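Chain and residue survey
Each chain, written out:
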Amino acid sequence: MEFQRAAARTKVESTRRPIAYTVQSMLAGAYIGVAVVLMVSAAGPFLAAGSPATKLVSGLVFGVALTLVIIAGGELVTSNMMTLTQGAIGGRISWREGGVTMLFCFVMNIVGSFAFAALVHFSGVLGPETPGGTMIASMLTAKGSESTTELFFRAILCNILVCLAAWSAVRLTSEGAKLAVIFWCLLAFITSGFEHVVANMTTFGLGLIGGLPEASWGEFARNMAVVGLGNLVGGGLIVGLGYAVIAGPLRPRLPLVPDAASAPAATEPVAVQA
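The residue numbering used here restarts from 1 in each chain and proceeds along that chain's sequence as written. Only residues with pLDDT of at least 70 are given local features in this predicted model, and only at 80 or more are side-chain atom pairs given and counted; all residues enter the totals for whole chains, interfaces and linings. Side-chain numbers here rest on the full set of heavy atoms in the structure, without hydrogens or water.

1. A word on the overall build of the protein chain
Along the protein chain, the regular secondary structure elements total eleven helices and zero strands. Its C-alpha atoms give the protein chain principal-axis dimensions of roughly 95 × 45 × 35 Å. Here the protein chain, with 274 residues, has 47% of them falling under the buried criterion. Taking the contacts inside the protein chain whose residues are at least 6 apart along the sequence as the reference set, 82% of them involve residues at least 24 apart. Think of it this way: Lys and Arg go in the positive column, Asp and Glu in the negative one, and His and the chain ends go nowhere. The location of each charge is read from NZ of Lys, CZ of Arg, CG of Asp or CD of Glu. Side chains of the protein chain give 15 positive and 13 negative charges; the mean places of these two sets differ by 5 Å. Helix numbering and strand numbering both begin at the N terminus, where a helix is a DSSP run of H or I of at least 4 residues and a strand a DSSP run of E of at least 2. Burial status follows relative accessibility: with a 1.4 Å probe on protein chains alone, a residue under 20% of its type maximum counts as buried, one over 50% as exposed, and anything between as partly exposed. Residue contacts are counted whenever heavy atoms from the two residues lie within 4.5 Å of one another.

2. Comments concerning helix 6 (residues 95-123)
For helix 6, with 29 residues, the first-to-last C-alpha span of 42 Å sits near the 42 Å given by 1.5 Å per residue. Following helix 6 by one or two positions, G124 has its phi on the positive side, about 80°. One less than the residue count of a helix, multiplied by 1.5 Å, gives the span that helix is expected to have.

3. What about the side chain of T202?
You can see T202 is positioned in helix 10 (residues 197-209). According to the relative accessible area criterion, T202 is buried, its value standing at 0%. Once residues lying within four places of it in the same chain are set aside, the contact partners of T202 are G29, G33, V36, S113, F116 and A117.

4. Overview of empty space enclosed by the protein
Leftover empty space is mapped by rolling, across the atoms, a probe with the size of a water molecule. With a 1 Å grid spanning the protein atoms alone, the term cavity applies to any set of points in which a 1.4 Å probe fits but cannot get out, the term pocket to an open set with protein on both sides within 12 Å along at least five of seven lines, and the term lining residue to any residue with an atom within 4 Å of a point. Grid points are joined across faces, edges and corners, and a volume is the space filled by probe spheres set on the points. Per the counting criterion, the structure on display carries one cavity of 30 Å³ or more. Within this model, the largest cavity holds a volume of roughly 40 Å³. Lining the largest cavity, in full, are I32, F62, A65, L66, L76, V162, L186, F189 and H196. Mapped onto the lining of the largest cavity, the elements with two or more residues apiece are helix 4 (64-73) and helix 9 (175-192). Asp, Glu, Lys and Arg are counted as charged, while Ala, Val, Leu, Ile, Met, Phe, Trp, Tyr, Cys and Pro are counted as nonpolar; the rest, among them Gly, fall into the polar class. Looking at side-chain class alone, the lining of the largest cavity contains eight nonpolar, one polar and no charged residues.

5. A look at the nonpolar core
Only buried Ala, Val, Leu, Ile, Met, Phe, Trp, Tyr and Cys residues count toward a nonpolar core, and they belong to the same one when joined by side-chain atoms within 4.5 Å. Residues F62 and L186 are the most contacted members of the largest nonpolar core, which totals 65 residues. When residues of this core are assigned to their parent elements, the largest contribution, eleven residues, is made by helix 2 (residues 18-48). Sequence-distant contacts of F62, that is, excluding residues within four places in its chain, are made with I32, A35, V36, M39, L186, F189, I190 and A199. Grouped together as the second largest cluster of nonpolar side chains are seven residues, I156, C163, W167 and V239 included.

6. As for helix 5 (residues 77-89)
Under the 1.5 Å per step criterion, the end-to-end length of helix 5 is 18 Å for 13 residues, consistent within 8% with the ideal 18 Å. Most of helix 5 is tucked away: twelve of the 13 residues are buried. The set of residues buried in helix 5 consists of V77, T78, S79, N80, M81, M82, T83, L84, T85, Q86, G87 and A88. In this structure, the buried side of helix 5 is in contact with helix 1 (2-14), helix 2, helix 6, helix 8 (148-171), helix 10 and helix 11 (217-247). A positive backbone phi angle near 80° is found at G91, which sits one or two residues after helix 5.

7. Quick look at the packing of helix 8 against helix 11
Between N-to-C directions, angles span 0 to 180 degrees; the directions come from axes that are lines fitted to C-alpha atoms, helices contributing only their stretch in contact. Orientation of helix 8 relative to helix 11, taken along the N-to-C sense of each, is 45°, at an axis distance of 7 Å. On the basis of the axis angle, helix 8 is oblique to helix 11. As for the relative orientation of helix 8 and helix 11, their crossing is right-handed in sense. Looking at the contact of helix 8 with helix 11 residue by residue, the classes come out as 16 nonpolar, seven polar and one charged. Angles below 35 degrees are treated as roughly parallel, those above 145 as roughly antiparallel, those between 65 and 115 as roughly perpendicular, and all remaining angles as oblique. Crossing handedness is defined as follows: a turn of the near helix away from the far one that is anticlockwise and smaller than a right angle gives a left-handed crossing, while the clockwise case is right-handed.

8. Here we look at the confidence of the model for the protein chain
pLDDT is a residue-level measure of predictor confidence that goes from 0 to 100. Looking at the protein chain, pLDDT values average 91 and 91% of them are 70 or higher. Confidence, expressed as mean pLDDT per element, reaches its minimum in the protein chain at helix 1 with 91 and its maximum at helix 10 with 98. Note on residues 251-274: pLDDT under 50 across the span, and three contacts to partners over four residues away in sequence or across chains.

9. Some words on the packing of helix 7 (residues 131-145) against helix 10
Contact geometry for helix 7 and helix 10: axes closest at 10 Å, N-to-C directions at 115°. Taken together, the axes of helix 7 and helix 10 lie roughly perpendicular to each other. Here helix 7 and helix 10 pass one another in a crossing that is left-handed. Here I136, M139, L140 and K143 of helix 7 lie close against helix 10, whose contacting residues are N200, T203, F204, L206 and G207.

Quick look at the structure:
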């Protein structure tokens with residue numbers, strides 16, 4: 001927990017170099033975009049064939065997203081929701097500092113995601129005639145048809161898993177173990193159909209830049225607000241606050257009670273003073 005609190009302090013101080021922090025946050029948005037493009041490119045043909053393995057294939061390849069963020073380095077708002085919450089609870093940063101840093105990261109994740117989506121659009125690899133392009137359109141249709149309540153709770157469930165992956169990776173020393181836990185957590189959230197705000201940035205970016213009728217700026221704004229808030233609850237409140245309570249100082253510390261067999265025997269009465 002002390003490592004996380006120190007990391008929160010480092011993140012806040014990093015914003016004092018706004019250009020560097022902007023690049024780090026944009027890279028994280030692009031890294032998640034890499035996973036989105038890989039996912040639809042791999043799973044698109046399965047969707048076109050009506051295969052029930054579509055969701056599983058999507059989950060199997062999406063782990064590259066958080067792997068790049070953690071190993072290569074990037075500022076991802078969804079994992080920062082956990083870290084900054086823990087830093088604020090531990091007193092290493094103020095709630096205002098945490099909120100400003102989170103908002104900065106969120107906006108730059110959007111910029112990075114849209115920049116990457118533009119590169120993909122002009123490359124033509126996800127044209128409307130391709131299975132991947134068709135899958136992007138179907139994803140946008142599905143997200144638009146989900147109610148606000150559904151989006152919110154799917155987002156909570158998503159960031160519980162994403163932040164558990166990040167939390168576990170920090171606690172592990174083996175690179176192989178880190179990769180394994182990231183793989184399993186992201187497999188769970190993608191295959192289950194949960195909602196990740198940064199992944200949705202690239203999905204909507206591809207739709208808006210490509211002029212797909214399934215995408216609109218209004219729906220993009222709704223998704224960012226609702227999914228972003230749900231991710232904050234899952235990552236900040238449930239995982240971040242949860243482990244902060246476990247680690248203390250919110251946890252009550254019980255006095256040590258000496259074992260009766262090991263306690264020294266009294267040889268003379270103890271005087272009691274008023």
